[in-house]
Amino acid sequence: MVRPSTNPPARVARLRKRLSERDFAVLTVLQRVRLASLRQLQSLLVVDGSPAARTRRAQLLLTRLTKLGLVTRFSRTIGGIRAGSSGFIYGLSGLGQAVLDTGGPRGGRRRRVWEAKPYFQDHMLAVSELYVQLVAQHRLGQGDLLAYDAEPAAWRHFTGPGGELVQVKPDAYVRIGTSTFERSSFIEVDLATEGLPTIQKKSQRYIDYWRSGMEQQWHGVFPKVVWLVQNEQRADKIKAVIKKLASDTHALFDVGLLAKAPQLLAGGSAA
């Protein structure tokens with residue numbers, strides 16, 4: 001059952017007038033990545049001053065937006081008790097989405113991200129951390145972040161061999177430019193919560209999409225499919241899965257460590 005809207009246009013319009021440029025920046029980031037910790041939001045948006053001053057300003061900013069009902073603060077924290085408020089997790093509320101005038105992935109109902117289970121939250125936060133790292137790399141002039149689409153904006157669809165609609169659902173699409181080239185990637189963040197048969201199935205779906213030629217027709221190039229993992233042991237297992245795929249498809253894939261993701265996505269080593 002679709003619930004009636006609880007955000008009258010007049011209320012939404014009044015809230016928009018009360019928001020600063022930085023307020024909108026917070027909402028826009030949460031729209032993009034869905035979930036972020038206070039530390040991640042601070043890294044992205046509060047960049048001036050001492051670490052303590054930056055933390056205080058970020059806390060005040062997120063507290064205000066929470067009280068306005070524009071963001072949802074999760075009861076769960078990350079980093080344990082010592083993390084304090086810097087360990088809080090935030091997501092865009094339904095009212096916040098209305099202020100940004102966003103619907104669901106394809107104009108449907110808005111997604112209630114606070115219903116996500118902890119392991120899914122961990123996954124989304126890992127994807128958000130990748131975005132934080134890529135922005136930091138961009139600021140250092142070590143690779144221009146030309147595009148970053150998280151899910152569902154990064155998803156693609158194509159027609160399968162039987163005429164059915166098939167989707168590939170990367171966690172993110174990234175395009176990075178350097179002085180000599182641009183590199184685009186479909187990102188799969190792996191926290192070892194899925195079995196290797198699932199990894200193989202996902203990889204084969206990317207191959208099917210590559211063979212369809214649709215991405216190449218739309219964008220002129222097929223992005224590298226990059227599996228990002230937490231340790232070398234998991235990397236070796238995924239590399240072994242890829243080796244079992246058709247030999248002419250091996251070059252479609254890279255496997256690297258999450259800790260070294262910015263360098264890899266800018267064309268550096270996968271190790």
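Everything quoted here is computed from the prediction, not taken from an experiment.

### Let's talk about the overall build of the protein chain
Now for step 1: Within the protein chain one finds ten helices and ten strands.
Now for step 2: Here the protein chain, with 271 residues, has 45% of them falling under the buried criterion.
Now for step 3: Within the protein chain, contacts between residues separated by at least 24 positions form 64% of all contacts whose residues are at least 6 apart in sequence.
Now for step 4: Summing over all exposed atoms, the protein chain offers an accessible surface of approximately 14300 Å²; the carbon and sulfur share of this is 52%.

### Brief notes about the pattern of salt bridges
Now for step 1: Taken as a whole, this structure holds ten salt bridges when the rule is applied.
Now for step 2: Its salt-bridge partner being Glu194, residue Lys202 comes within 3.1 Å of it at the nearest N-O pair.
Now for step 3: Salt bridges sharing common partners tie together Glu188, Glu194 and Lys202.

### Some points on the sheet that holds strand E7 (residues 172-177)
Now for step 1: Read from one edge to the other, the open sheet built from five strands follows the order E4-E7-E8-E9-E10, with strand pairing classed as mixed. In this open sheet, the two strands that pair with only one neighbour each are strand E4 (144-150) and strand E10 (253-257). Across this sheet, the average inter-strand angle for adjacent strands is 25°, counted without regard to direction.
Now for step 2: Of the strands in this sheet, strand E9 (224-229) and E10 touch helix H9 (residues 232-243), which is tilted by about 170° from E10.

### A short note on the nonpolar core
Now for step 1: One finds Leu70, Tyr148 and Ile187 to be the most contacted residues of the largest nonpolar core, which totals 51 residues.
Now for step 2: For this core, the element with the most residues is helix H6 (residues 118-139), which contributes seven residues.
Now for step 3: The residues contacting Leu70, other than those within four sequence positions of it, are Leu15, Leu19, Leu27, Leu65, Leu92, Ser93, Leu95, Gly96 and Val99.
Now for step 4: Counting residues in hydrophobic clusters, the runner-up holds 24 residues, among them Ala147, Phe158, Val166 and Leu252.

### Remarks on the packing of aromatic side chains
Now for step 1: In total, this model carries seven aromatic pairs according to the counting rule given.
Now for step 2: With 6.5 Å between their ring centres and 45° between their planes, Phe186 and Tyr209 make a pair best called tilted. Within this pair, whereas Phe186 is found in strand E8 (residues 182-189), its partner Tyr209 is found in helix H7 (residues 196-212), the two being separated by 23 residues in sequence. Neither residue differs from the other here; Phe186 and Tyr209 are each classed as buried.

### Observations concerning the side chain of Asp190
Now for step 1: Positionally, Asp190 belongs in the loop between E8 and H7.
Now for step 2: Residue classification places Asp190 among the buried residues on the basis of a relative accessible area of 2%.
Now for step 3: Looking at Asp190, its side chain comes within polar contact range of the main-chain nitrogen of Ala192, at 3.1 Å.
Now for step 4: Within the structure, the side chain of Asp190 is placed 2.6 Å from the side chain of Arg234, a separation counted as a polar contact.
Now for step 5: Excluding its chain neighbours within four sequence positions, the residues that come into contact with Asp190 are Ile199, Trp227, Leu228, Val229, Gln230, Arg234 and Ile238.

### So, the packing of helix H3 (residues 38-45) against helix H4 (residues 51-67)
The packing of two helices is summarised by the inter-axis angle and the distance between the axes.
Now for step 1: In contact at an axis separation of 10 Å, H3 and H4 are set at 110° when each is read in the N-to-C sense. Between H3 and H4, the angle falls in the class roughly perpendicular. Between H3, through Leu38, Leu41, Gln42 and Ser43, and H4, the contact on the second element is made entirely by Pro51, Arg54, Thr55, Ala58, Gln59 and Leu62.
Now for step 2: Looking at the contact of H3 with H4, its residues break down into five nonpolar, four polar and one charged.

### Notes on the pairing of E8
Now for step 1: In terms of burial, E8 is largely enclosed, as seven of its eight residues are buried.
Now for step 2: Where E7 meets E8, six bridges bridge the pair, whose relative direction is antiparallel. Each residue of the ladder has a partner; that of Ile176, found in E8, is Arg183.
Now for step 3: Between the antiparallel neighbours E7 and E8 lie four residues.
Now for step 4: Across five bridges, E8 lies against E9 in parallel orientation. Its bridge partner being in E9, Ser185 is matched across the sheet by Lys224.

### Details of the environment of His157
Now for step 1: Of note, His157 is situated in strand E5 (residues 156-159).
Now for step 2: Each residue touching His157, except ones within four places of it in the same chain, is listed here: Leu165, Val166, Gln167, Tyr209, Met214 and Trp218.

### Brief notes about the confidence of the model for the protein chain
Now for step 1: Per-residue pLDDT for the protein chain averages 87, and the proportion of residues at 70 or more is 86%.
Now for step 2: The least confident element of the protein chain is strand E2 (residues 71-77), whose mean pLDDT is 80; the most confident is E9, at 98.
Now for step 3: Counting interchain partners and residues more than four positions distant, the pLDDT-below-50 stretch residues 80-84 has one contact.
Now for step 4: Confidence drops under pLDDT 50 across residues 104-110; counting only partners more than four residues distant or on other chains, this segment forms twelve contacts.

What counts, and where the lines are drawn
- Residues numbered from 1 in each chain as written.
- Predicted model: local features only at pLDDT ≥ 70, side-chain atom pairs only at ≥ 80, totals over all residues.
- Heavy atoms only, no water.
- Helix = DSSP H or I, 4+ residues; strand = E, 2+ residues; numbered from the N terminus.
- Buried < 20%, exposed > 50% of the residue type's maximum accessible area, 1.4 Å probe, protein only.
- Contact = heavy atoms within 4.5 Å.
- Areas by Shrake-Rupley, 256 points an atom, 1.4 Å probe, with all protein chains shown as cover.
- Salt bridge = Lys/Arg side-chain N within 4 Å of Asp/Glu carboxyl O.
- Pairing = 2+ DSSP bridges.
- Axes fitted to C-alpha atoms, helices over the stretch in contact; angles between N-to-C directions.
- Core = buried A, V, L, I, M, F, W, Y, C linked by side-chain atoms within 4.5 Å.
- Phe/Tyr/Trp six-rings, centres within 6.5 Å; stacked < 30°, edge-to-face > 60°.
- Polar contact = N/O pair within 3.5 Å; in protein donor to acceptor, adjacent residues only side chain to side chain.
- Parallel < 35°, antiparallel > 145°, perpendicular 65-115°, else oblique.
- Nonpolar A, V, L, I, M, F, W, Y, C, P; charged D, E, K, R; others polar.
- pLDDT = per-residue confidence, 0-100.

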